[in-house]
Amino acid sequence: MLRSCAARLRPLLVAHGRPGGARLTSTFSFEEVTQKDHALPKPSWSKDLRLLFDQFMKKCEDGSWERLPSYSRHSVQRFQNFTKAFFSGSIPVKEEQISQAKFFPRSFEDGLGFEYAMFWSKDEKRIVCLFQGGLYLQGIPGFLHGGALVTLIDTTLGMHAMLAGGAVMTANLSINFKRPMPLCSVGVINTQLDKIEGRKLFVSCNIQSVDEKTVYTEGTAGGKT
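Calculation notes
Residues numbered from 1 in each chain as written. Predicted model: local features only at pLDDT ≥ 70, side-chain atom pairs only at ≥ 80, totals over all residues. Heavy atoms only, no water. Pairing = 2+ DSSP bridges. Helix = DSSP H or I, 4+ residues; strand = E, 2+ residues; numbered from the N terminus. Axes fitted to C-alpha atoms, helices over the stretch in contact; angles between N-to-C directions. Contact = heavy atoms within 4.5 Å. 1 Å grid on protein atoms, 1.4 Å probe; cavity = no way out; pocket = protein on both sides within 12 Å on 5 of 7 lines; lining within 4 Å. Points joined across faces, edges and corners; volume = space filled by probe spheres on them. Nonpolar A, V, L, I, M, F, W, Y, C, P; charged D, E, K, R; others polar. Buried < 20%, exposed > 50% of the residue type's maximum accessible area, 1.4 Å probe, protein only. Salt bridge = Lys/Arg side-chain N within 4 Å of Asp/Glu carboxyl O.

To continue, consider the sheet that holds strand β3 (residues 126-133). Reading across from one edge, β1-β2-β3-β5-β6-β7-β4 is the order of the seven strands in this open sheet, with antiparallel pairing throughout. On the outer flanks of this sheet lie β1 (66-68) and β4 (169-177), each paired with one strand and no other. Here the average twist between neighbouring strands, direction ignored, is 20 degrees. Two strands pair when backbone bridges link them, and β3 and strand β5 (residues 186-197) are joined in this way by five bridges, in the antiparallel orientation. The residue bridging V128 from the neighbouring strand is N190, located in β5. In the packing of helix α3 (residues 47-60) onto the sheet, the strands contacted are β1, β2 (114-121), β3 and β5, and the crossing angle to β3 comes to about 160 degrees.

What follows deals with empty space enclosed by the protein. With the rule as written, the count across this model stands at one cavity of 30 Å³ or more. Empty space within the largest cavity amounts to approximately 30 Å³. Those elements giving two or more residues to the lining of the largest cavity turn out to be β3 and α6 (146-165). Of the residues forming the lining of the largest cavity, the biggest block, three residues, is contributed by α6. Within the lining of the largest cavity, the residues separate by chemical class into seven nonpolar, one polar and no charged.

This brings us to the pairing of β3. Looking along a regular strand, one sees side chains alternate from face to face of the sheet. Burial analysis of β3 places seven of its eight residues in the buried class, the great majority of the element. As paired strands, β2 and β3 are joined by eight bridges and run antiparallel to one another. Along β3, the bridge assignment pairs F114 with G133. Here β2 folds back onto β3, and the loop between the two strands holds four residues, one of which, K125, carries a positive phi near 55 degrees.

This model, assessed by the stated rule, comprises nine salt bridges. Here K42 ties to D110 by a salt bridge, and the two come within 3.2 Å at their closest N and O atoms. Pair noted here: K42 is in the loop between α2 (30-33) and α3 and D110 is in the loop between α5 (95-100) and β2, with a separation of 68 residues, a long-range link. Looking at K42, the relative accessible area reads 11%, which means it is buried. Counted as one network, the salt bridges with shared partners bring together K36, K42, D110 and E115.

As structure tokens, this is what we get:
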């Protein structure tokens, strides 16, 4: 089973190149592959989220789309790669702390926090993130906290930028809230790569309802590779 999983992830394990040609390390490590993949259906998923997930899995069959795995912990190797890319001095966090840390969007119990799955189209150069906000993400009564939506936007845009240009750090993030999003509802984040200027990438997205009739939030971000 592990061998099969690793085989499916092999296209994602290919190094992504920095604009300019410098080689970067893998997006996902073998250590992460051995963890539980949280971007798969769970009992806490609503019918709408499961239906959307199945529709995109169908699109993956011809290779035009690819489901991105998601883990609760990052490997020490990935931490080392990141610090080498962005910190020239002393490393701010100890490696033993990294092994105990959890990725924030995946730190909640199933159904209470962020439930999401991302799909990547290399040809269209965009990500679609299907998500459901749990009970512990409430802001004003009955609606998702704006910060929760920002977290998921940052996570999705960051993944898009990383797939487009390699290791990346968010430099700026602009959010425009359109309408409050109901708690436990299902939303769809659509991203696009706007432009690349040297080592800077600019991406944008919106959060829509399942029927695409309501836009809840829009976001733009700039990142440095």
